[in-house]
Amino acid sequence: MKKKLLIAVPVSLLAAALVVYGVVYLRVKQLIDAQLQELVTTGLYESAVYDSMRLSPLGKLQLSNLRLQQPDLALIINSVTVSNV
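Report on the accompanying structure. Predicted model only: the values in this text are computed from it and were never measured.

As a further point, take the environment of Lys 60. Here Lys 60 lies in the loop between strand S2 (52-55) and strand S3 (61-70). Expressed as a C-alpha distance, the spacing of Lys 60 and Glu 46, which sit 14 residues apart in the sequence, is 28 Å. The contacts of Lys 60, once residues within four sequence positions are left out, are Arg 54, Leu 55, Thr 81 and Val 82.

The structure is reproduced here in structure tokens:
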């Protein structure tokens, strides 16, 4: 019985941590997408997109290939990193 409990408790904690991380990841992605959409909606940029987003469990956020398009300018930022998200 103790062996099952010793296995079940860490597995349950790990599963709960993964669920929390997934919820936080999706919320951060929604916030970033909303901010980029706001840049387009206000007319500051014609488009604002990125290829990928990484969020570490320690709160470090990284966007790859952020592309900002204006009528006469295309800006590509290879990597953007934000700490303490």
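Moving on from the coordinates now.
Inspection of the entire model under this criterion finds one aromatic pair. Centre to centre, the rings of Tyr 21 and Tyr 25 are 6.3 Å apart; their planes meet at 35 degrees, and the pair counts as tilted. Residue Tyr 21 and its partner Tyr 25 are both found in helix H1 (residues 2-41); the two are separated by four residues, about one turn of the helix. The exposure class of Tyr 21 is partly exposed, given its relative accessible area of 31%. Residue Tyr 25 is classed as partly exposed on the basis of its relative accessible area of 24%.

For the rest of this paragraph, the subject is the side chain of Ser 64. When you line up the elements, Ser 64 lands in strand S3. Overall, Ser 64 belongs to the buried group, its relative accessible area being 18%. The residues touching Ser 64, leaving out its near neighbours within four places in the chain, are Tyr 50, Asp 51, Ser 52, Ile 77 and Asn 78.

This part takes up H1. In this model H1 runs 58 Å from its N-terminal to its C-terminal C-alpha over 40 residues, within 8% of the 58 Å that 1.5 Å per residue would give. Within the span of H1, buried status applies to Val 28, Ile 32 and Leu 36. Residues of H1 that are buried in the fold lie against strand S1 (47-49), S2 and S3. Immediately beyond the C-terminal end of H1, within one or two residues, lies Gly 43, with a positive phi of roughly 90 degrees.

About the criteria used
- Residues numbered from 1 in each chain as written.
- Predicted model: local features only at pLDDT ≥ 70, side-chain atom pairs only at ≥ 80, totals over all residues.
- Heavy atoms only, no water.
- Helix = DSSP H or I, 4+ residues; strand = E, 2+ residues; numbered from the N terminus.
- Contact = heavy atoms within 4.5 Å.
- Phe/Tyr/Trp six-rings, centres within 6.5 Å; stacked < 30°, edge-to-face > 60°.
- Buried < 20%, exposed > 50% of the residue type's maximum accessible area, 1.4 Å probe, protein only.
- Expected span 1.5 Å × (residues − 1).

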